[in-house]
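Each chain, written out:
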Amino acid sequence: MDLVERALAGERLAIARLLTQVENNTLLGQEALQRLYSRTGNAHIVGLTGAPGTGKSSLANQLAKVLRSTPNAHKVAIVAVDPSSPFTGGALLGDRVRMRDLAGDPGVFVRSMASRGALGGIARATSAVVQVLDALGFGIILVETVGTGQSEVEIARLAHTVIVVDAPGLGDDVQAIKAGILEIADILVVNKADLPGVENTLRALSLMLEMIPQAQGETNWKPPLLRASAVNGEGIEEIVQAIFRHGEYLRNHSLWTTREKYRVLTEILERVQETLLEQWKHTVGEARLNEMVNNVLKREISPAEAVKRLMER
Ligand SMILES: Nc1nc2c(ncn2[C@@H]2O[C@H](COP(=O)(O)OP(=O)(O)OP(=O)(O)O)[C@@H](O)[C@H]2O)c(=O)[nH]1
Ligand SMILES: [Mg+2]
C-alpha cells in the first residue's frame, strides 16, 4: 500500500506524513491531493479565530471532546495554524500538551501547521491540509488561527462557519483586532466566563455587534453571542449546537455552496497569482529586477514606473 492508501485506511503515521508532503507542496503531495480531491466536500470546516490567548486551542480541545461524545460521531480534526504574531511565542508547545487529552481517540486528529515559509504560503498549505483531512473522512475540521493579521482572517474566512473567540481581561491593544474580525463572525464566543469581567465583555461585544452592517447578500443569520469556559466545560455543548445550526442554515439558504464557491475561486486566483509571479520572475531575471530596484532607490523612477518598464519586456 502506498502512503495515500495507508492514510485512507486510517494509519495515523501515514496521515501525518501525507500532510507534511501536502503542506510542503512536494510532487508527492500534489499527486496525493489530486488523487484525493474527488473525495472532498463532506467536511464542515469551522474556523476558530480571535486575539492571542483567548482560549482558542482550549476550546478546540473541548469542542472535539463534546463532538466525539455522541454515538456515530463524526471524526474530528483540529488544524492549528501557527500564530505569526510576535507576542504569542510558546503557544505551540502549550497546544501539544493540551492535546494530550484527546490522544487515544482514533477519531480525532490534531495537526499543527509547521512551515510558515511553505512554498505558496500558509493559506495554500492550510487549505491543502484541510482538503486532505476532508478526503480522509474527518467530518468536522476545526481550523485555529490567531486573528491578528489579514492572512489569518483570510484563512478563517475559508471556513463554512467562523467562530470568533473573545475573553475578558485583554488589553486595549486587542480592541483593534476585534473590530476587524467581528465582521466575519458567524458565532461569537466569550470564553473564560469563569473569570471576572465577563459581563462587561459580553455587553461591549453586543454593542459592537449592533453596529456591524449586514453583510451584502448574506441574509438573516444573526451571530449568537455565547459564553463559555474551556477550563470547566461550561457552554461547550451550546457552541456545538450553534455550529450545527449554522451548518443547517447555510444548507437551507444555499449559502453552503456560495461559501464553497468563494473558497474555490480564492484558491484558484491565489494559485494563478503564485504561478504567474514565479514565471514572470523567471522571465525578467534577477539582474533586471535588481536594476529596477536600484533605479527606484536612487529616485530616478517611481515603483510604478519600474513595474511599467519591467512589464514592457
Ligand atoms: N480561566 C480560564 N483560562 C482559560 C480558559 N480557556 C483557556 N484558558 C487559559 O488561557 C491561556 C491561553 O489558552 P489557549 O487555549 O492557548 O489560547 P489560544 O487562544 O489558543 O492562544 P494562542 O494560540 O496563543 O493565541 C491558557 O493558559 C489557558 O489555560 C478559560 O475558559 N478560563
Ligand atoms: Mg492556540
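Residue indices begin from 1 for each chain and proceed along its sequence in written order. Chain labels run from A onward and ligand labels from 1 onward, assigned in the order the entries are written. The model is predicted, so local features are restricted to residues of pLDDT at least 70 and side-chain atom pairs to those at 80 or more, both for listing and for counting; the totals for chains, interfaces and linings are taken over all residues. The basis for every side-chain value is the complete set of non-hydrogen atoms in the structure, without hydrogens or water.

With that out of the way, let us pick up the overall build of the protein chain. Runs of E in the DSSP output that reach at least two residues are strands. Runs of H or I that reach at least four are helices, and both are numbered from the N terminus. Scanning the protein chain from N- to C-terminus turns up 13 helices and seven strands. Evaluated residue by residue, the protein chain yields a buried proportion of 48% over its 313 residues. Residues are treated as being in contact if the distance between any of their heavy atoms lies within 4.5 Å. For the protein chain, the share of sequence-separated contacts (at least 6 apart) that also reach a separation of at least 24 residues comes to 76%. Only the protein chains shown count as cover for residues, and all accessible areas are computed by the Shrake-Rupley method using a 1.4 Å probe. When the accessible surface of the protein chain is split by element, carbon and sulfur atoms take 55% of a total near 16,200 Å². Using a 1.4 Å probe on the protein chains alone, a residue whose accessible area is under 20% of its type maximum counts as buried, one over 50% counts as exposed, and one in between counts as partly exposed.

Among the six residues that make up strand E2 (residues 75–80), five are buried, leaving the element largely enclosed by the rest of the structure. In short, DSSP must find at least two bridges between two strands for them to pair. Where E2 and strand E4 (residues 138–146) come together, six bridges link them in parallel fashion. Its bridge partner being in E4, Val79 is matched across the sheet by Val143. Note: E2 against strand E3 (residues 108–112), five bridges, orientation parallel. Each bridged residue has a counterpart across the sheet, and for Val79 the counterpart in E3 is Arg111.

Moving on, we come to the pattern of salt bridges. By salt bridge we mean one thing: a side-chain nitrogen of Lys or Arg within 4 Å of a carboxyl oxygen of Asp or Glu. Evaluated as defined, the whole model comprises 13 salt bridges. Of the charged contacts, one joins Asp105 and Arg68 as a salt bridge, the two residues approaching to 2.9 Å between their closest N and O atoms. Residue Asp105 is found in the loop between helix H5 (91–99) and E3, and its partner Arg68 is found in helix H4 (residues 56–68); the two are separated by 37 residues along the sequence. Close ionic contact of Lys298 with Glu300 constitutes a salt bridge, the shortest N to O distance being 3.8 Å. Take Lys298 and Glu300: they sit in the same class, and that class is exposed. Each of Glu199, Arg227 and Glu234 takes part in salt bridges that share partners, so that together they form one network.

Now for a nonpolar patch on the surface. Patch membership requires more than 30% relative accessible area and the absence of a salt bridge. Residues of like charge join within 9 Å; the nonpolar side chains Val, Leu, Ile, Met, Phe, Trp and Tyr join within 5 Å. Taken together, the side chains of Tyr37, Val264, Ile268, Val272 and Leu276 define a hydrophobic patch exposed on the protein surface, amounting to about 430 Å² of accessible area. Tracing the backbone through its elements, the reader meets Ile268 in helix H11 (residues 255–284). Using a relative accessible area of 48% as the deciding quantity, one classes Ile268 as partly exposed.

Right, let's get into the coordination of the magnesium ion (ligand 2). Coordination of the magnesium ion (ligand 2) by the protein comes from Ser57 (OG) and Glu144 (OE), over a distance range of 2.1 to 2.2 Å. In this pair, Ser57 is assigned in helix H4 and Glu144 in strand E4, connecting sequence segments 87 residues apart. Overall, Glu144 belongs to the buried group, its relative accessible area being 8%. In this listing, donors mean N, O and S atoms no farther than 2.8 Å from the metal, or 3.2 Å for Na, K and Ca; water is missing from the atoms, so a site can look incomplete.

Looking now at the packing of aromatic side chains. Within 6.5 Å between ring centres, the rings of Phe, Tyr and Trp (the latter by its six-membered ring) count as paired, and their orientation is classed by plane angle as stacked under 30 degrees, edge-to-face over 60, tilted in between. Applying the stated criterion across every chain yields a total of two aromatic pairs. The criterion is that NZ of a Lys, or CZ of an Arg, lies within 6 Å of the ring centre and within 35 degrees of the ring normal, and then a charge sits over that ring. Over the aromatic face of Phe138 sits the side chain of Lys75, whose NZ or CZ is 4.4 Å from the ring centroid. For the cation-ring pair, Arg251 lies above Trp256, with the distance from its terminal atom to the ring centre recorded as 4.0 Å.

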